[in-house]
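# Analysis of the macromolecular model
Here's the letter readout for the chains.
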Amino acid sequence: MSADVALSSEQRIGVLKRLPLPASRRAYAALFALFAVSLCALPSFVSGYVMTLAVEAMIAGVFASGINLLTGYTGLVSLGQAMFLGFGGYGIAIGTALLGWPLWISAPVTLVVVAAIAAPIGAICTRTRGVEFLLITLAFSQMFYGAAIKLRWTNGSDGMTGIPRPDLSLLGVSADNPTVFYYYVLAVAVLSLLMLWRIVTSPFGSVLVGIRENERRMMSMGYSVANYKIGSFALAAVICAVAGILQSQYTYFVNPDAMSWQMSGEGVLMVIIGGANVVLGPFVGATVFVVVKQALSMITEEYNLFFGIFFMLVVALFRGGVLGFISTPIGKRQ
Amino acid sequence: MQPFLIQLLNGVQLSMLVFLLAVGLTLIFGLMNILNLAHGAFFTMGAYFGLVVANDTGSFWLALLIGPLLPFAAGFVLQFFVLHPLAQRGRSTHLDLALLTFGLLFATAGAVEHVFGSAFHSIVTPDLLKGRVGLLGMEYPIYRLFIIAVGIAIGVALVLVIDRTLVGATLRAGVDNREMVTALGININMLFALVFGFGSALAGFAGVVSAPVMSIYSSMGIGIVVTTFVVVVVGGLGNLKGSFYASLIVGMTDTFAQAYLPEAELFAIYILLIAVMIFRPQGLFGAVGRVA
């Protein structure tokens, strides 16, 4: 028993040592640049179908990145992040269709409103931890899902259509063109990633990792752990809302299904596949997920069955799952 | 007044149904620290297996008896051969296992849809419980009263078993000090798997019991399991008596919201949950980690 404890505290020190050093940061930046360049070149090599998948993967990647901030870095596993995906979509739908605002006002206002809603929700949810946190985030998302189905002025379960893509006529192109939309999504995804990277490499990000590894120690070091958790929750929500905006622009509509329980689960699954604790991880996970989902939809109509089996396999085979996954490479190094 | 009374009884009836699910979920959590998100899958399994038995034999009572056996076996196998071996290896076991059971919930819904299609089914109410009975100047279906009676009977029986029998004492000891129980020569893994199976069987039992009043369909478990989560969190995770009271509170809230405030129907219970989380995050009836 005591040997276990000693080992895990060594592992914890190992994790803290792994926080980005300047050299690894430069290597990371190079990798990141390579990744971005190859994505920029993608449209000239592949068919429209592959580009559709790439757009879906990038949107899902932004969504999973938001979850990763909360789950991978702060150690809070949520099954309700899809509500913020829905908030993003509904936000710009309400802004543009019901209030008649232009997109460039609706989108930032949506993100600010999402942050303002997420902070009190986070304040309530982060009073709990572990499975109770998972359950209460789930309950919140189910509540908003129920509200979205019932609300008349957002067309209930039918959802809202006619969501505009950005007006890029100044650049002489139309975002309705798939290639142009691809670059738009790519730009937003890269921006979100850079922002996320900035967050997790900042002192704020280190405190989040500290909370994940040893909350009591962070508390006794004088950090206001509760506020950091709420901050992490709100930032994660904003990133998920960005994905929601992209998703609704991609499909030109939004409906309550965006907030479903399954959507939240899919996001968590992408984080597990890609590996929490790595900025690019969720994008890798999202790509794998989107490709597998496409392949499955070609061979079977029973999507739920295979989604469930796939989910179980990933959780069972990636040793330790969400949180334990982080410790695996360190365990190997020792 | 009469509509109010009918709603009241409907509320109790829903509460008892949810209690049958919540009790298994909370027992499993209290004992094994596993949040079984797939609990709704066992509800579905029980209902469909009961449906098959009822269609083959024409007997509701046989369905009620045999229906829970499949979820029992499935729950036992899941705990003994999948969850327990995984728990031996992981670090943050309870979250991993919760996510694994999340996958199982959807896999079951998908598998059921594959076999039975997406149509709605129902089991016919048995002759003995057909019809209505006069009660305080109104008529009320006998079958719904039967559900209420079954829920109360199972609740009482469980409290007696856990408080007064050797099995119950072993369970309580297992919660308090697992190693000591093992040292006393009790095969705790077997005991846990049996309890897991029993909790799953209760969920399956609830599935058969609900079949004459609610429809049987492939994703029936996914809807009700969220209500069950609300119950166990409001009652305090792992708290058996708490889950009984919480079932009543949640069942009533849901029924009365549907009757008198239909706009709030889909989220009344979540508002209740959030209110509880703000004021008592450990649940109304506190004491996490207790079976009784």
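Residues numbered from 1 in each chain as written. Chains lettered and ligands numbered in written order. Predicted model: local features only at pLDDT ≥ 70, side-chain atom pairs only at ≥ 80, totals over all residues.

### Regarding the overall build of chain A
Secondary structure summary: chain A contains 14 helices and 2 strands in total. In chain A, which comprises 334 residues, the proportion classed as buried is 48%. Relative to all contacts within chain A whose residues are 6 or more apart in sequence, the contacts with residues 24 or more apart total 75%. (Helix = DSSP H or I, 4+ residues; strand = E, 2+ residues; numbered from the N terminus. Buried ≥ 20, exposed ≤ 12 C-beta atoms within 10 Å, placed from the backbone. Contact = placed C-beta atoms within 7 Å.)

### Quick look at the pairing of strand E1 (residues 132-135) of chain B
Residue and element names in this part refer to chain B. Bridge count for E1 against strand E2 (residues 138-141) is 4 bridges, and the pairing is antiparallel. Each bridged residue has a counterpart across the sheet, and for Leu135 the counterpart in E2 is Met138. Here E1 folds back onto E2 in antiparallel fashion, the turn holding 2 residues, of which Leu136 has a positive phi close to 50 degrees. (Pairing = 2+ DSSP bridges.)

### Brief notes about the interface of chain B and chain A
Every contact between the two is made by 37 residues of chain B and, on the other side, 39 residues of chain A. The set of elements that each furnish at least two residues to the side of chain B that touches chain A consists of helix H5 (93-116), helix H10 (220-235) and helix H12 (268-279) of chain B. Sort the elements by how many residues they give to the side of chain B that touches chain A and H5 of chain B lands first, with 17 residues. In the side of chain B that touches chain A, the residues fall into 26 nonpolar, 6 polar and 5 charged. (Nonpolar A, V, L, I, M, F, W, Y, C, P; charged D, E, K, R; others polar.)

### Some details on helix H2 (residues 39-57) of chain B
All names here are of chain B. The first and last C-alpha atoms of H2 sit 27 Å apart over 19 residues, in line with the 27 Å expected at 1.5 Å per residue. Where burial is concerned, most of H2 is hidden: 15 out of the 19 residues are buried. A positive phi of about 75 degrees marks Gly58, the residue just after H2. (Expected span 1.5 Å × (residues − 1).)

### Section: the confidence of the model for chain B
All names here are of chain B. The predicted model of chain B has a mean per-residue pLDDT of 83, with 95% of residues at 70 or higher. At the level of individual helices and strands, chain B shows its lowest average pLDDT in E1, which scores 73, and its highest in helix H9 (residues 188-210), which scores 90. Segment residues 288-292: pLDDT under 50, and 26 contacts once partners within four positions in sequence are set aside and those in other chains are kept. Confidence estimates for the predicted assembly give a pTM of 0.83 and an ipTM of 0.81. (pLDDT = per-residue confidence, 0-100.)

### Concerning the packing of helix H3 (residues 48-73) of chain A against helix H11 (residues 261-274) of chain A
All names here are of chain A. At their nearest, the axes of H3 and H11 sit 8 Å apart, and the two run at 75 degrees to each other. By the angle class used here, H3 and H11 are roughly perpendicular. Touching Ala60, Phe63, Ala64, Ile67, Asn68, Thr71 and Gly72 of H3 are Gly267, Val268, Met270, Val271 and Gly274, all from H11. Broken down by class, the residue content of the contact of H3 with H11 amounts to 7 nonpolar, 5 polar and no charged. (Axes fitted to C-alpha atoms, helices over the stretch in contact; angles between N-to-C directions. Parallel < 35°, antiparallel > 145°, perpendicular 65-115°, else oblique.)

### Notes on the confidence of the model for chain A
All names here are of chain A. For chain A, per-residue confidence averages 81 on the pLDDT scale, and residues scoring 70 or more make up 87% of the total. Helix H10 (residues 225-251) holds the highest mean pLDDT among the elements of chain A, 94, whereas helix H1 (residues 2-17) holds the lowest, 41. Ignoring residues within four places in sequence, the model shows residues 320-324, a span with pLDDT below 50, making 31 contacts including any to other chains.

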